[in-house]
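Residues per chain, in single letters:
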Amino acid sequence: MIFFLCLQVILILTKLYDYNLGSITESSLWRSTDYGTTYEKLNDKVGLKTILSYLYVCPTNKRKIMLLTDPEIESSLLISSDEGATYQKYRLNFYIHSMLFHPKQEDWILAYSQDQKLYSSVEFGRRWLLLQETVTPNRFYWSRMGTSKEPDIVHLETKTVDGHAQYITCRMQNCSEAVRSKPFPGYIDSDSLIVQDDYVFVQLTSGGRPHYYVSYWRNAFSQMKFPKYALPKDMHVISTDENQVFAAVQEWNQNDTYNLYISDTRGVYFTLALENVKSSRDLEGNVMIDLYEVAGIKGMFLANKKIDNQVKTFITYNKGRDWHLLQAPDTDLRGNPIHCLLPYCSLHLHLKVSENPYTSGNIASRDTAPGIIVASGNIGSELSDQDISMFVSSDAGNTWRQIFEEEHSVLYLDQGGVLVAMKHTSLPIRHLWLSFDEGRSWSKYSFTSIPLFVDGVLGEPGEETLIMTVFGHFSHRSEWQLVKVDYKSIFDRRCAEDDYRPWQLHSQGEACIMGAKRIYKKRKSEKKCMQGKYAGAMASQPCVCTEADFDCDYGFERHSNGQCLPAFWYNPSTLSKDCSLGQSYLNSTGYRKVVSNNCTDGVREQYTAKPQQCPGKAPRGLRVVTSDGTLTSEQGHNVTFLMQLEEVCSVSRFPTEAFESDLFGTEWIEQNTINEMMLLNKFITHFLSSSFPGPLEHVHLSLPFVTTKNKEVNATAVLWPSQVGTLIYIWWFGNNTEPLITLEGNIAFTFSAEGMNTITVQVSAGNTILQDTKTIAVYEQFRSLRLSFSPNLDEYNPDIPEWRRDVSRVIKIALVEATGIPNKHILVAILPGLPTSAELFILPYNDATGGNRQTAEDLQQISEVLAQKLNQNSIQFDLKPGVRIFVHAAHLTAAPLIDVTPSHSGSAMLMLLSVVFVGLAVFVIYKFKRKIPGINVYAKMQNEKDQEMVSPGSQNESIPNVPQRELMTPEQLVDEKLETRPIGK
């Protein structure tokens, strides 16, 4: 049964399903013009033999109705412009699966067919135009007024001929290749496009992990920034209202829970709002997050959080900055006292919302009844499916009352002035309950003389009247029964101004919520009058800003003392490194004002980020890309190369058989002869015409952190994915000006000089060159000490190199602070695998004059000091608020751990590569200082001196996910971390 209700008109579509045939065999259309008192059957007006499947109502003009016929019988639609009184029938040459009406234009419709085609109509379905084929189901959207220049823009996720998904926009009357736009460069993951309010979201999987991108106000896309080691494997957008994104993220170590994150205005930088929110799946496999946004009060949410295998209900009034348990009622339904002491005992609520518009879920609230919440739940230490009762709050969740001992469906009438409760049962019922004082007292009423199996309840539009329609069956074989219930006779007048009282929204006595004091009108409980139109808020007054109006900024975490301090992985100074001279950036104080918070003055100036001028810095390396993002071209065809050096970008167009001198600019001409340029051209032409299977996404260089002088070291390039076809490995050692080129992914090398030495490997694979650089400490003698940790560290160890490097840095800082030993003597390396362990290296250190050289006895003395502190549990650090890690000593050794990672074998096909090709590659890299013009060079480099130690017990490395950056010059390799992604992504 499908209902439509508008003012006095009710339309009902009923269908008879034959389970033996597995199809609908007949349908009936009913219409009432007196709000359900009488009904007229309209089958003769739509066709006696016509079987209807669905009823649509225009959201901007409810006089316009559209009916779809059963596609198994015929493909037609019937259109009415007079609230369903008369219809015109139109034949279709496609089968409609779903429709989407324009939010402003009443005649504009998008229709999605069963064969994945999208059609558009500007005549309310009377004529249709094929807009686009191979459209992903439910991934098409109208533009939002204000964010798009034209109201007829359509956002689509489509499939290419080779099966890739892409995001396109076009006009609703023309979506040809010539006029469509591609706001997101490259492909996206299938079924990932979301267009919601001011935001557009897409997902792109790379390196085995999904990455999420957002566009705010239809501007360029930016990658969404979650905490560095959240490493999301799934994300759901909860809400995008009030210029902010509320997202549920399932992190790498979560299975049945999600973390809630809230963004800045642009939807780019996210901070944690609540951890471990319970999730489940519905019958169709869709993820359901136990989070409920309370209607009528902005910034108020309820969530069920999992704590030590118990699920508890929490409430927030300020968009997740602060969460509290719910105070249980003082007495039960019979007036007996309830002994429930926070935090050991509290009220817990089920937060499932019904997808059926004719039945209520476990919880209900309304915009027109602010502060009134009705929900099912239980009292105790955790949420339970046993002993469920009904509870109501009339003061926005501050206090609760038990109203029923069994589950009931609750309907809001008269703007919440009347609450109607009907028992959840599989048995037929005759009675319902009414409350006129926000659930404080209830009266029993009979709505039918014969018990009815209730299937649903239809409330009035806008909840402004006191009429409801109950529908169901007298028996399992009987026809539909509709019962109209009108409670207008209970009231003899409409409410006047004197019938209302002011009610101030508060959170456990705190009146300033979201930076304002808000006062609403509520009908006095003793007054029995009909409210009619929603009274709304009486007044709103801004509050003076306090620390409570500010959340922690991105990269900062709130500790037990209330302070927002940098997370262990975050360096606030990185913001200044990402801007250019002459520009400015916002220097964060560690705090950011909660979005939509209306507070003024107070500490606002103290906590607000301050603009700072970007520091000067040397230009970075050259980046050369083609305009279409590919590295293949036919002889004689024009190719546009884009060259970028810091902010300098020059563009030249030239045929691939000859380079023009202005491509490289004056500096290149001064450094390279014309003959060299032509030789480089031959190499690139040969390189572009080569064919390589499979993209290489990551390269990780594995070698010891420390080794002894003149001792052979094994270096291995670990690739992801491991099988990518033909490869060339280019190795750079220290300050050597000539590389070593191999066809194998591992080499052995000996360092003859003490100090810190670098090894760089560049791997050429098809359209990309990936790079990784590591630093290795070389000394004649040193000490090493194995470290272990408290077991809770394993819960937060994703076993990736970046995490190991960051934690190693934190441990080193803790050691220096606890012992006073200069940091030049200490190097810490977290080892791969679980349980988490590390190697502490005690290194000799010479001053600038070469004196003060440490002896073996000196190193032994330093080792003993460190061991003593470690054995006293004096070395500890906070990984995150509430998670303290203790560091312990294992055993002391005098020799380094040796890298035993197995070598990476290249394909035998590499031997067939031309000797000239390899020679030219050496020449190009040597001449142009490791920068190869004409191809995209994407590199990933670790810049810490504390490098990976591969332990005998864990030979396989996890490959980190890295952001995008351009290739740097050799002189910058010591200080910069280089990370990019392959072309075409």
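Residues numbered from 1 in each chain as written. Predicted model: local features only at pLDDT ≥ 70, side-chain atom pairs only at ≥ 80, totals over all residues. Heavy atoms only, no water.

## A look at the overall build of the protein chain
Along the protein chain, the regular secondary structure elements total 8 helices and 65 strands. Residue burial in the protein chain is summarised as follows: out of 985 residues, 52% are buried. Sequence-distant contacts in the protein chain: of pairs separated by 6 or more residues, those separated by 24 or more amount to 53%. Total accessible area on the protein chain is roughly 44,600 Å²; 49% of this is exposed by carbon and sulfur atoms. (Helix = DSSP H or I, 4+ residues; strand = E, 2+ residues; numbered from the N terminus. Buried < 20%, exposed > 50% of the residue type's maximum accessible area, 1.4 Å probe, protein only. Contact = heavy atoms within 4.5 Å. Areas by Shrake-Rupley, 256 points an atom, 1.4 Å probe, with all protein chains shown as cover.)

## Some points on the packing of helix α6 (residues 801-819) against helix α7 (residues 856-871)
Following both chains from N to C, one finds α6 and α7 inclined at 100°, their axes separated by 11 Å at the closest point. Our classification of the angle between α6 and α7 gives roughly perpendicular. Two secondary-structure elements touch here, α6 through Leu815, Ala818 and Thr819 and α7 through Val865, Leu866, Lys869 and Leu870. When the residues that make up the contact of α6 with α7 are grouped by side-chain class, the tally is 5 nonpolar, 1 polar and 1 charged. (Axes fitted to C-alpha atoms, helices over the stretch in contact; angles between N-to-C directions. Parallel < 35°, antiparallel > 145°, perpendicular 65-115°, else oblique. Nonpolar A, V, L, I, M, F, W, Y, C, P; charged D, E, K, R; others polar.)

## A few points about the pattern of salt bridges
Oppositely charged side chains may form a pair once their charged atoms are brought near each other. For the structure on display, the rule yields 38 salt bridges. We note a salt bridge from Lys64 to Glu106, for which the minimum N-O separation is 2.8 Å. With Lys64 in the loop between β5 (52-57) and β6 (65-69) and Glu106 in the loop between β9 (96-101) and β10 (109-113), this residue pair connects regions lying 42 residues apart in the sequence. A salt bridge links Arg334 to Glu405; its shortest N-O distance comes to 2.3 Å. You can see Arg334 sitting in the loop between β28 (324-325) and β29 (346-349) and its partner Glu405 sitting in the loop between β33 (401-404) and β34 (408-413), a full 71 residues away along the chain. Each of the salt bridges in this network shares a partner with another, and the network as a whole consists of Arg321, Asp322, Glu547, Asp551 and Arg558. (Salt bridge = Lys/Arg side-chain N within 4 Å of Asp/Glu carboxyl O.)

## Quick look at unusual backbone geometry
The step from Leu342 to Pro343 runs through a cis peptide bond, and the omega angle for that step is 0°. Topologically, Pro343 is positioned in the loop between β28 and β29. In this structure, Pro721 follows Trp720 across a cis peptide bond, with omega equal to -5°. Tracing the backbone through its elements, the reader meets Pro721 in the loop between β55 (712-720) and β56 (728-733). Not every positive phi belongs to a glycine, and Glu83 is a case in point at roughly 60°.

## Side note on the environment of Asn286
Along the chain, Asn286 falls in the loop between β23 (270-281) and β24 (287-289). Contact partners of Asn286, with chain neighbours within four places excluded, come to Ser280 and Arg281. Here the side chain of Asn286 touches Glu284 through a polar contact of 3.5 Å, side chain to side chain. (Polar contact = N/O pair within 3.5 Å; in protein donor to acceptor, adjacent residues only side chain to side chain.)

## Points about the side chain of Asp551
Inspection of the secondary structure puts Asp551 in strand β44 (residues 550-552). With a relative accessible area of 11%, Asp551 lands in the buried category. Beyond its immediate stretch of four places on either side in the chain, Asp551 contacts Ile262, Thr271, Arg321, Arg558, Cys564, Gly590, Tyr591, Arg592 and Val594.

## A closer look at the nonpolar core
With 43 residues, the main nonpolar core has Leu787, Phe789, Ile811, Leu815 and Leu840 as its most contacted residues. Those elements that provide at least two residues to this core are β44, β61 (783-789), α6, β62 (826-830), β63 (837-842), α7, β64 (876-880) and β65 (883-893). Of all the elements, α6 adds the most residues to this core, at 6 residues. Here this core gathers at least three residues from each of two domains, domain 4 (547-614) and domain 6 (783-846 + 855-889). The contact partners of Phe789, leaving out residues within four places of it in the chain, are Ile811, Ile830, Thr836, Ser837, Ala838, Ile885, Phe886, Val887 and His888. (Core = buried A, V, L, I, M, F, W, Y, C linked by side-chain atoms within 4.5 Å. Domains from an automatic or database assignment.)

## Notes on the sheet that holds β6
Taken in spatial order, the 4 strands make up an open sheet running β5-β6-β7-β8, and their pairing is antiparallel. Each end of this open sheet is capped by a strand with a single partner; those strands are β5 and β8 (88-91). Sheet twist, expressed as the mean angle between neighbouring strand axes with direction ignored, is 25°. As paired elements, strand β7 (residues 76-80) and β8 share 4 bridges and run antiparallel to each other. Following the sheet pairing, Ser76 is matched in β8 by Arg91. (Pairing = 2+ DSSP bridges.)

## Thoughts on the sheet that holds strand β19 (residues 222-223)
The 4 strands lie next to each other as β16-β17-β18-β19, forming an open sheet whose pairing is antiparallel. The open sheet is flanked by β16 (194-196) and β19, the only strands paired with a single partner. Inspection of the sheet shows strand β18 (residues 209-216) paired to β19 by 2 bridges, in the antiparallel sense. Looking at the pairing, Val214 lines up with Ser222 of β19.

## A closer look at α6
Look at α6: 27 Å from first C-alpha to last across 19 residues, which is about the 27 Å you get at 1.5 Å a residue. Within α6, 14 of the 19 residues are buried, leaving the element largely enclosed by the surrounding structure. Trailing α6 by a residue or two, Gly820 shows a phi angle of about 75°, which is positive. (Expected span 1.5 Å × (residues − 1).)

## A look at the packing of aromatic side chains
The full count for this structure, using the stated rule, is 36 aromatic pairs. Ring geometry for Tyr56 against Phe101: centres 6.1 Å apart, planes inclined by 50°, an arrangement best described as tilted. Of this pair, Tyr56 sits in strand β5 while Phe101 sits in strand β9, placing them 45 residues apart in sequence. Residue class for Tyr56 comes out buried when judged on its relative accessible area of 13%. Every member of this aromatic cluster is reached through a ring pair, and the members are Tyr269, Tyr554, Phe556, Trp569 and Tyr570. Its guanidinium or amino end placed over the ring of Phe314, Lys305 lies 5.9 Å from that ring's centre, counting from NZ or CZ. Above the ring of Trp503, the side-chain terminus of Lys522 is found at 4.8 Å from the ring centroid. (Phe/Tyr/Trp six-rings, centres within 6.5 Å; stacked < 30°, edge-to-face > 60°. Lys NZ or Arg CZ within 6 Å of the ring centre and 35° of its normal.)

## Some points on the pairing of strand β15 (residues 165-171)
Counting buried positions over the 7 residues of β15 gives 6, a clear majority of the element. The turn linking strand β14 (residues 153-159) back onto β15 is made up of 5 residues, and Gly163 within it adopts a positive phi angle of 90°.

## A short note on the state of the cysteines
What the rule picks out here adds up to 6 disulfides. Between the sulfur atoms of Cys170 and its disulfide partner Cys175 the distance amounts to 2.1 Å. A torsion of -90° about the S-S bond marks the disulfide between Cys170 and Cys175 as left-handed. Overall, the relative accessible area of 3% leaves Cys170 in the buried class. Covalently, Cys495 is tied to Cys529 through a disulfide, its sulfur atoms 2.0 Å apart. Its S-S torsion of approximately 95° makes the covalent link between Cys495 and Cys529 right-handed. (Disulfide = S-S within 2.5 Å.)

## Regarding the side chain of Ser393
Mapped onto the elements, Ser393 comes out in strand β32 (residues 389-393). Given a relative accessible area of 0%, Ser393 falls into the buried group. Side-chain polar atoms of Ser393 contact the backbone oxygen of Thr399, separated by 2.8 Å. Residue contacts for Ser393: discarding those within four places in its chain leaves Gly371, Ile372, Ile373, Asn398, Thr399 and Trp400.

## Some thoughts on the confidence of the model for the protein chain
For the protein chain, mean pLDDT is 82; residues scoring 70 or higher make up 80% of the total. Low pLDDT, under 50, characterises residues 646-693; the stretch is placed with 94 contacts to residues that sit more than four places away or in other chains. Between residues 894-985, whose pLDDT stays under 50, and residues either more than four places distant or in other chains, the model counts 274 contacts. (pLDDT = per-residue confidence, 0-100.)

## As for α7
Along an α-helix, residues three or four positions apart point the same way, because every turn accommodates 3.6 residues. For α7, built from 16 residues, the straight-helix expectation of 22 Å at 1.5 Å per residue is met to within 8% by its first-to-last C-alpha distance of 22 Å. Listed as buried for α7 are Leu859, Ile862, Ser863, Leu866, Ala867 and Leu870. Along the long axis of α7, the arc covered by the buried residues comes to 140°, so they all point the same way. In α7, the exposed positions that point more than 90 degrees away from the buried face belong to Glu857, Gln861 and Asn871. Following α7 by one or two positions, Asn873 adopts a phi angle in the positive range, close to 55°. (Arc of directions from axis to C-beta.)

## A short note on the environment of Val249
Locating Val249 in the fold gives a position in strand β21 (residues 246-250). Counting along the chain gives 10 residues from Val249 to Asn259, while the straight-line C-alpha distance between them is 5.2 Å. When neighbours within four sequence positions are excluded, Val249 is seen to be in contact with Phe226, Pro232, Asp234, Met235, Gln254, Tyr258, Asn259 and Tyr261.

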